[in-house]
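Residue-level structure breakdown
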Amino acid sequence: MNAYNCVANDVKLGENVQLSKFINLYGCEIGDETKIGACVEIQKNASVGKHCKISSHTFICEGVVIEDNVFIGHGVMFINDSYPRATTAQGSLQTEADWKVERTVIKKGASIGSGATILPNTIVGENSIVGAGSVVTKDVPPNAIVAGNPAKVLRFIESTGKTADPDLVPFLDLVTPHLELEGELVDVFRHVLHTAGFVGGSMVEEFEKAFASFCDAGHCVAVSSGTDALRFALMAAGVQPGDVAITVPNTFIATTEAISQAGAFPEFVDIDERTSNMSVELLQQYLEEQCTRDSSGKLTSLRSGRQVTAIVPVHLYGQMADMDSILRLANKYGLVVIEDACQAHGAEYFSKDLDRWMKAGSMGRAAAFSFYPGKNLGACGEGGAVTTNDAELAGKVKMLRDHGQVKKYYHDMEGYNGRLDAIQAGLLNAKLPHLAKWNAQRRDRAAEYSRLFAGNKAISLPSEPSWSRCVYHLFVIRTSDRAGMLNHLKNAGIGTGIHYPIPLHLQKAYASLNYGEGAFPVSERVASEIISLPMFPQLTFRQQNRVAEEVLAFASKTLQTAGV
Ligand SMILES: Cc1ncc(COP(=O)(O)O)c(C=O)c1O
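Bear in mind that the values here come from a model prediction, so they are computed numbers and not experimental data.

Moving on, we come to the overall build of the protein. When you go through the protein residue by residue, the secondary structure sums to 13 helices and 37 strands. Summarising its shape, the C-alpha atoms of the protein cover approximately 105 × 70 × 40 Å along the three principal directions. For the protein, with 564 residues in total, the buried portion stands at 52%. Long-range pairs, those at least 24 residues apart, make up 54% of the contacts in the protein with a sequence separation of at least 6. Carbon and sulfur atoms make up 51% of the accessible area of the protein, which amounts to about 25,500 Å² in all. One way to put it: in the protein the 52 positive side-chain charges average out to a point 1 Å from where the 61 negative ones average out.

Take a look at the structure:
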């Protein structure tokens, strides 16, 4: 104790509390072994636990509870009334009776950086870290590192108390973007709970309007998944049971499942090696050489004897297929085009025929989108949508998703239970305004990968034709020693994926289609060489450099072995 300190008699000081100078304490409680720096004030009814360090010039007001082992930096400000006023409504100075003390709790082991301000009614979670100068406006989750004004979660600390190893790079980070929007997303849950509007309603309609506008499409009908979107789009476009829909073998099985669920059969054409999308030359060859056309224009597949009625180009990895050429062939052969845009929210294509950039979902008769959580626009569960410029088709999809109803209990046909939940629509509404920025961040990361790998002979990069603005749902490179590279990256703590390892025509599920090995050589070769690298909007440049360092280290070994 020293002469410059002012410690009131009602202060409960624990054992071995160390006080510096010019300290003002009254009515508070300080735990054992805690150290308090110069010029700190701690008010009545505040408490500080054991083994805390309170640095100089900090102000801890009434209502603040600081648990054990907490570090408080210099000049940290606590506030305990959300609406402080100097005077009453009558104009006289407010007294203590007018002051409304709200609680703030700093949980065990947390650290608050210098110059931070902690607003009232907040809980700063156990072992969390608040960056210097941050303004904490809402609860900080345990083990989170937050910073900024208002403070947002940057990342989490491992439960051992150490920060996550910065050398580990996840394939996808789905936590950070949701925490960044935590307040808005929680508001959606709260609104739905308070109104019990779980199915249909204004949230779904608002999302449909906003997403149609985002896609430059006339209509959007929200459904329960991308698979249902594709199935309903095919059915509403008039694809009949027994028909053939042409697609590619290097897609997720949902593309062909939807075709089968619509009662049709998939037949494949191979891909263009440069874009990984449907080869227009091979599509033309299929239509000219593997089909016959009768005098009424009916197109029949020679391999199955079935009528061909649809093309389903897949905008794989976020890049649109060559839509002008596909639409020209479709017009010539009387086929409907349903875009599988499940990986391509916001992707663009320069249409020479229309002389303008067109969005995915606006060019075919209809398009299907998936809002599976990892997609560029993902729900917090399942979701999908059909977009179209055809009002009648949109009306049919609305019936299909809702038991064939035109209005409640009036069923013009049998349909499905394929609606999007109101909660998911609300969450998608909250996320949609950020999609253009997130897509731009993905494009920046893709450009950076391309710069880092430029000229390396062991790596093939994805190619983006001048008519394409890819939104890089995935960033997929190719390399000859794929197994070796995957193993190297795994050991280096870098997440990867393979999209997709076995082309659909070689899957057991499609044995009955009777395609053998060698039927689609480009898809087969590419499937054995592809690796999807970490790609998400919040991927940091440090993480990206780390990925590049390891990819290049393995690539140089490959080149040495090959004597290049
Ligand atoms: C190309 C493609 N088509 C269709 C789908 C199906 O979407 P969902 O999972 O929402 O049913 C997906 C989703 O992964 C996809 O990537």
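Still more ground to cover, so stick around.
Residues Leu193, Phe198 and Val199 make up a contiguous nonpolar surface patch of roughly 310 Å² in combined accessible area. Examined against the element boundaries, Val199 turns out to sit in the loop between helix H2 (182–195) and helix H3 (202–214). We classify Val199 as exposed; its relative accessible area is 53%.

One open sheet accounts for 3 strands, arranged E30-E29-E35; its pairing is antiparallel. Two strands bound the open sheet, and with one partner strand each, they are strand E30 (356–359) and strand E35 (468–469). Strand direction decides the pairing type here: strand E29 (residues 348–351) and E35, joined by 2 bridges, are antiparallel. The residue bridging Tyr349 from the neighbouring strand is Ser468, located in E35.

Geometrically, a pair of aromatic rings is defined through the distance of the ring centres and the angle of the planes. Considering all chains together, one arrives at 16 aromatic pairs under this definition. Here Phe211 and Phe214 contribute two aromatic rings whose centre-to-centre distance is 6.1 Å and whose plane-to-plane angle is 15 degrees, an arrangement assigned as stacked. Highlighted residues: Phe211 and Phe214, both in helix H3, separated by 3 residues, approximately one helical turn. Neither Phe211 nor Phe214 differs from the other in exposure class; each is buried. A centroid spacing of 5.4 Å and a plane angle of 50 degrees characterise the contact between Phe268 and Tyr515, whose relative ring orientation is tilted. Residue Phe268 is located in strand E24 (residues 265–268), and its partner Tyr515 is located in the loop between helix H11 (482–491) and helix H12 (521–527); the two are separated by 247 residues in the primary sequence. Judged on exposure class, the residue Phe268 and its partner Tyr515 are both buried. Ring-pair connections join several aromatic residues into one group, and the members of that group are Phe207, Phe211, Phe214, Phe369 and Phe371. A cation over an aromatic ring shows up here: Arg306 above the ring of Phe265, its NZ or CZ 3.5 Å from the ring centre. Above the ring of Tyr410, the side-chain terminus of Lys407 is found at 4.6 Å from the ring centroid.

Quick look at the pattern of salt bridges now. This model, assessed by the stated rule, comprises 20 salt bridges. A salt bridge links Arg328 to Asp353; the shortest N-O distance between them is 3.1 Å. With Arg328 in helix H7 (residues 323–333) and Asp353 in the loop between E29 and E30, the pair connects residues that are 25 residues apart, well separated along the chain. Here Glu348 makes a salt bridge to Arg469, at a shortest N to O gap of 3.2 Å. With Glu348 in strand E29 and Arg469 in strand E35, the pair connects residues that are 121 residues apart, well separated along the chain. Overall, Arg469 belongs to the partly exposed group, its relative accessible area being 32%. One salt-bridge network, in which partners are shared between bridges, spans Asp167, Arg542, Arg546, Glu549 and Glu550.

Rules used in this analysis
- Residues numbered from 1 in each chain as written.
- Predicted model: local features only at pLDDT ≥ 70, side-chain atom pairs only at ≥ 80, totals over all residues.
- Heavy atoms only, no water.
- Helix = DSSP H or I, 4+ residues; strand = E, 2+ residues; numbered from the N terminus.
- Buried < 20%, exposed > 50% of the residue type's maximum accessible area, 1.4 Å probe, protein only.
- Contact = heavy atoms within 4.5 Å.
- Areas by Shrake-Rupley, 256 points an atom, 1.4 Å probe, with all protein chains shown as cover.
- Lys, Arg positive; Asp, Glu negative; His and termini not counted.
- Charge placed at Lys NZ, Arg CZ, Asp CG, Glu CD.
- Patch = residues over 30% accessible without salt bridge, like charges linked within 9 Å, V, L, I, M, F, W, Y side chains within 5 Å.
- Salt bridge = Lys/Arg side-chain N within 4 Å of Asp/Glu carboxyl O.
- Pairing = 2+ DSSP bridges.
- Phe/Tyr/Trp six-rings, centres within 6.5 Å; stacked < 30°, edge-to-face > 60°.
- Lys NZ or Arg CZ within 6 Å of the ring centre and 35° of its normal.

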